[in-house]
Amino acid sequence: MRLTRAICTLGGVGLIRPAPGTWGTVASIPLAWVIHGLTGFPGLVLATLIVIAVGTWAIAQEEALTGAHDASEWVIDETAGIWIALWPLSAGLWHAGVDPWIFPFPGWIGAFVMFRLFDIWKPGPVGWADRKNTPWGVMLDDLIAGIMAAVVVALAAGVSHGLMGQ
C-alpha cells in the first residue's frame, strides 16, 4: 500500500465496509484517547493540526494518482473532524486536572453521534464545503462538522455540569 493511500485510509480502516466513514470515526476515538492520555489537550490540538496538514497533502496526492475525488475509503478527514469534536472533552478534563487517562464515555459518545450526524446530514456550511472539488474541500466539510459537533458537546457539558453542580 502506498504511503498516501495508507494515510487517506487510516492504515486501511477506510476499506472496511459498510460505512467506512463511521469505521474511520470509531477507529479515531481511541487514537484521540491515547494522544490525550500522553500529552493532554495541547497534544490533541497539535496532533489534529498535523492530521489536517498531512491528510490534505495525502488526499491531493491520491487525487492526482487515481483521478478519484473524495473516495469513500478516504477517512483521514473523519479523523480530523472527530478529534475536533473531542476538543471540548479533552480541554475540560485537562483544565480540571483530571487523570489524563480518564476519557468519560458520555463526552466521546456525544462527540461521535453529533459528528456523524453533521457529517452525514451536511447542514449549511458542511454541505457548502462538501461541494468544493478540491483536496481542501474533502477535509473542510469534516472540519466544519467537527466544529459544529464540538459546539454541541461543549453546550451539553455546560448544561449537564451546570445542572449537576447545583
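Whatever comes next refers back to the structure up there.
Residues numbered from 1 in each chain as written. Predicted model: local features only at pLDDT ≥ 70, side-chain atom pairs only at ≥ 80, totals over all residues. Heavy atoms only, no water.

Enquirer: What is the right way to look at the packing of helix H2 (residues 20-66) against helix H4 (residues 105-121) in this model?
Expert: Helix packing for two helices is described by the angle between their axes and how far apart those axes are. H4 packs onto H2 with a crossing angle of 155 degrees between their chain directions and a minimal axis gap of 11 Å. Classed by the angle they form, the pair H2 and H4 counts as roughly antiparallel. As for the relative orientation of H2 and H4, their crossing is right-handed in sense. Across from Gly-21, Thr-22, Thr-25, Val-26 and Ile-29 in H2, the residues of H4 making contact are Trp-108, Phe-112, Phe-115 and Arg-116. Counted by class, the contact of H2 with H4 contains five nonpolar, three polar and one charged residues. (Axes fitted to C-alpha atoms, helices over the stretch in contact; angles between N-to-C directions. Helix = DSSP H or I, 4+ residues; strand = E, 2+ residues; numbered from the N terminus. Parallel < 35°, antiparallel > 145°, perpendicular 65-115°, else oblique. Left-handed = near helix turned anticlockwise from the far one by under 90°. Contact = heavy atoms within 4.5 Å. Nonpolar A, V, L, I, M, F, W, Y, C, P; charged D, E, K, R; others polar.)

Enquirer: Looking at this structure, how should I read the environment of Ile-109?
Expert: Within the secondary structure, Ile-109 is located in helix H4. A C-alpha to C-alpha distance of 19 Å links Ile-109 and Val-98, two positions 11 residues apart in sequence.

Enquirer: Looking at this structure, I do not really get the environment of Gly-21. What am I missing?
Expert: Looking at the secondary structure, you find Gly-21 in helix H2. Sequence-wise, Gly-21 and Arg-2 are 19 residues apart; in three dimensions their C-alpha atoms are separated by 20 Å. Setting aside residues up to four positions removed in sequence, Gly-21 forms contacts with Val-75, Glu-78 and Arg-116.

Enquirer: Mind showing me how you'd approach the side chain of Asp-77 here?
Expert: Tracing the chain through its elements places Asp-77 in helix H3 (residues 76-96). It is Lys-122 that comes nearest to the buried, bridge-free Asp-77 among opposite-charge side chains, at 7.3 Å. When residues no more than four places from it in sequence are discounted, the contact partners of Asp-77 are Asp-70, Val-138, Met-139, Asp-141 and Asp-142. (Buried < 20%, exposed > 50% of the residue type's maximum accessible area, 1.4 Å probe, protein only. Lys, Arg positive; Asp, Glu negative; His and termini not counted. Salt bridge = Lys/Arg side-chain N within 4 Å of Asp/Glu carboxyl O.)

Enquirer: Before we go on, may I ask you to explain the packing of aromatic side chains in this structure?
Expert: Aromatic ring pairs are described here by two measures, namely the spacing of the ring centres and the angle between the planes. Going through the model one piece at a time under the given rule, you end up with four aromatic pairs. Measuring from ring centre to ring centre gives 6.2 Å for Phe-41 and Trp-94, while their planes differ by 45 degrees; the resulting arrangement is tilted. Taken together, the positions of Phe-41 in helix H2 and Trp-94 in helix H3 put the pair 53 residues apart, joining distant regions of the chain. For Trp-94, a relative accessible area of 48% corresponds to the partly exposed category. Through a chain of ring-to-ring contacts, the aromatic side chains of Phe-41, Trp-87 and Trp-94 assemble into a single cluster. (Phe/Tyr/Trp six-rings, centres within 6.5 Å; stacked < 30°, edge-to-face > 60°.)

Enquirer: Explain H3 here, please?
Expert: Spanning 21 residues, H3 covers 30 Å between terminal C-alpha atoms, matching the ideal 30 Å at 1.5 Å per step. At Leu-86, H3 shows its largest kink, close to 40 degrees, and the proline Pro-88 lies no more than four residues downstream. Gly-97, located one to two residues past H3, shows a positive phi value of around 75 degrees. (Expected span 1.5 Å × (residues − 1). Bend = angle between axes of the 7 residues up to and from the residue.)

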